[in-house]
Amino acid sequence: MTAPNATLRAIRMGMLMSQDDFARAIRDAGQRAGVPNDASKRLVQRWEAGLIVTPRPVYARALEVVTGLPISSLGFTVAVPHATPAEAHDSASLQVTVPPVLPRTAAASAPNHSGIWLSRYEYRSSGRDAVFTGLHYVVVLQHSDRLTVRSLPGSSDSPLTMDLTVDGNVVTGTWVEQTAADGYYRGARYHGAIQLLVEPTGRRMAGKWVGFGMEMDVNTGPWELVFQEASTNKAAMDRYNRPPEP
C-alpha cells in the first residue's frame, strides 16, 4: 500500500506554498544552479502521494535548495545501492526492496513529536546591555529519530530552522536563524548547537543553546519548545502563522 509523504506536504504548507508555487520554486532553483528541471504540479502531487519515493538527483538538489533541508529529512526513501535506472524510477520496486528506517516495533513504540510548538530562547545583547527573548511558532516533523523544525513565516521576521536527533528523552542538534535585514542584526545569519530534555509529559522540551555572537564570542542561554497542537494541516498552521504573545 502506498504511504503518502506527509512530511514533504507539511513542509510545503509550512512555507505557505501551493503545489504550483512549490514546483515553480524547484524549477527556479534548478535554473539558478545551471541544472534545469521540469518540476510540475503533477510531479509534486506524485511526491506527496507517495507514488515516487525517491526523487531523481536533479530534483533532490533543487528540493534541498528550496526547503533548506537535506533530502533525508523530506520524507523520501533512500535509493537502493546499485539500482538500475529502471528500478530507480519504479516506485513500486523501491517500496518492496527498501527497508524502513526503523523496525516497525521500534517506530510504533517511540513517541512522535510532530506538531506545532512554541519556540522560546533567551540571549544577551552586549551592544544593548540587555537580555532579549526570541519567539517563534514552529512546525516540528518527525521521521524516525530525526526532527526537522521550521518556523512559520508569519510568526517572526527572523526565520528559524533546526535539525535534531531524538535519543530517548534527549534531543540534540543544530539551529540556524536568519535575522531580519532591517533589524538590529542587519540580516546576519547565526547558527549553533542545542541540547534539550523532553519532559515526561512530552509537551515541553527544555535545555540550552550555544552559538557565536556579533563579536565572534561563544554565547549560551536557555531554550525551550512548548507543545501547542499535534495537527500540521493548513488550517492549524494558519492559526499559528502570527507573532506569539510575549
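Residues numbered from 1 in each chain as written. Predicted model: local features only at pLDDT ≥ 70, side-chain atom pairs only at ≥ 80, totals over all residues. Heavy atoms only, no water.

What to know about the pattern of salt bridges
Side-chain pairs of opposite charge can arise whenever the charged atoms involved come near each other.
Part 1 of the reasoning: Counted under the stated rule, the structure contains nine salt bridges.
Part 2 of the reasoning: One salt bridge in this structure joins arginine 120 and glutamate 224, with 2.1 Å as the shortest N-O distance. Note that arginine 120 is positioned in strand 1 (residues 115-125) and glutamate 224 in strand 8 (residues 218-229), a separation of 104 residues in sequence.
Part 3 of the reasoning: Classification of glutamate 224 by relative accessible area gives buried; the value is 13%.
Part 4 of the reasoning: Of the charged contacts, one joins arginine 146 and aspartate 163 as a salt bridge, the two residues approaching to 2.9 Å between their closest N and O atoms. With arginine 146 in strand 3 (residues 146-151) and aspartate 163 in strand 4 (residues 160-167), the pair connects residues that are 17 residues apart, well separated along the chain.
Part 5 of the reasoning: Overall, the relative accessible area of 25% leaves arginine 146 in the partly exposed class.
Part 6 of the reasoning: Take aspartate 163: its relative accessible area is 27%, and that puts it in the partly exposed class.
Part 7 of the reasoning: Taken together, the shared-partner salt bridges connect Arg120, Glu199, Arg204 and Glu224 into one network. (Salt bridge = Lys/Arg side-chain N within 4 Å of Asp/Glu carboxyl O. Helix = DSSP H or I, 4+ residues; strand = E, 2+ residues; numbered from the N terminus. Buried < 20%, exposed > 50% of the residue type's maximum accessible area, 1.4 Å probe, protein only.)

Let's talk about unusual backbone geometry
Part 1 of the reasoning: In this model, aspartate 129 sits at a positive phi of 50°, which is unusual for a non-glycine residue.
Part 2 of the reasoning: Within the element layout of this structure, aspartate 129 appears in the loop between strand 1 and strand 2 (130-143).
Part 3 of the reasoning: According to the relative accessible area criterion, aspartate 129 is exposed, its value standing at 58%.
Part 4 of the reasoning: Backbone geometry places serine 144, a non-glycine residue, at a positive phi of 65°.
Part 5 of the reasoning: Residue position: serine 144 is located in the loop between strand 2 and strand 3.

Focus on the sheet that holds strand 6 (residues 189-198)
Each strand in a sheet pairs with another by means of backbone hydrogen bonds, the pair being arranged parallel or else antiparallel.
Part 1 of the reasoning: Strand order in the closed barrel formed by eight strands is 1-2-3-4-5-6-7-8, and the pairing between neighbours is antiparallel. Neighbour-to-neighbour, the strand axes of this sheet turn through a mean angle of 25°, independent of strand direction.
Part 2 of the reasoning: One ladder, built from five bridges, connects strand 3 with strand 4; its direction is antiparallel. The partner of threonine 148 across the bridge, within strand 4, is aspartate 163. (Pairing = 2+ DSSP bridges. Axes fitted to C-alpha atoms, helices over the stretch in contact; angles between N-to-C directions.)

Some details on the packing of aromatic side chains
Part 1 of the reasoning: All chains considered together, the criterion is met by 10 aromatic pairs.
Part 2 of the reasoning: When the centroid spacing of 5.4 Å and the interplanar angle of 80° are considered together, the rings of tryptophan 117 and phenylalanine 227 count as edge-to-face. With tryptophan 117 in strand 1 and phenylalanine 227 in strand 8, this residue pair connects regions lying 110 residues apart in the sequence. Each member of the pair tryptophan 117 and phenylalanine 227 is classed as buried.
Part 3 of the reasoning: Aromatic ring contacts, followed pair by pair, group Tyr121, Tyr123, Phe132, Trp175, Trp209 and Trp223 into a single cluster.
Part 4 of the reasoning: One Lys or Arg, arginine 128, reaches over the ring of phenylalanine 132 and ends 4.0 Å from the middle of that ring.
Part 5 of the reasoning: Geometry around tyrosine 184 places arginine 128 over its ring, the cationic atom sitting 3.9 Å from the centre. (Phe/Tyr/Trp six-rings, centres within 6.5 Å; stacked < 30°, edge-to-face > 60°. Lys NZ or Arg CZ within 6 Å of the ring centre and 35° of its normal.)

Some details on the packing of helix 2 (residues 19-32) against helix 3 (residues 41-49)
Part 1 of the reasoning: At a closest axis distance of 8 Å, the pairing of helix 2 and helix 3 adopts a crossing angle of 105°. Viewed along their axes, helix 2 and helix 3 adopt a mutual orientation that is roughly perpendicular. Across the interface between the two elements, Gln19, Asp20, Phe22, Ala23 and Ile26 of helix 2 pack against Lys41, Val44, Gln45, Trp47 and Glu48 of helix 3.
Part 2 of the reasoning: For the contact of helix 2 with helix 3, the per-class residue count stands at five nonpolar, two polar and three charged. (Parallel < 35°, antiparallel > 145°, perpendicular 65-115°, else oblique. Contact = heavy atoms within 4.5 Å. Nonpolar A, V, L, I, M, F, W, Y, C, P; charged D, E, K, R; others polar.)

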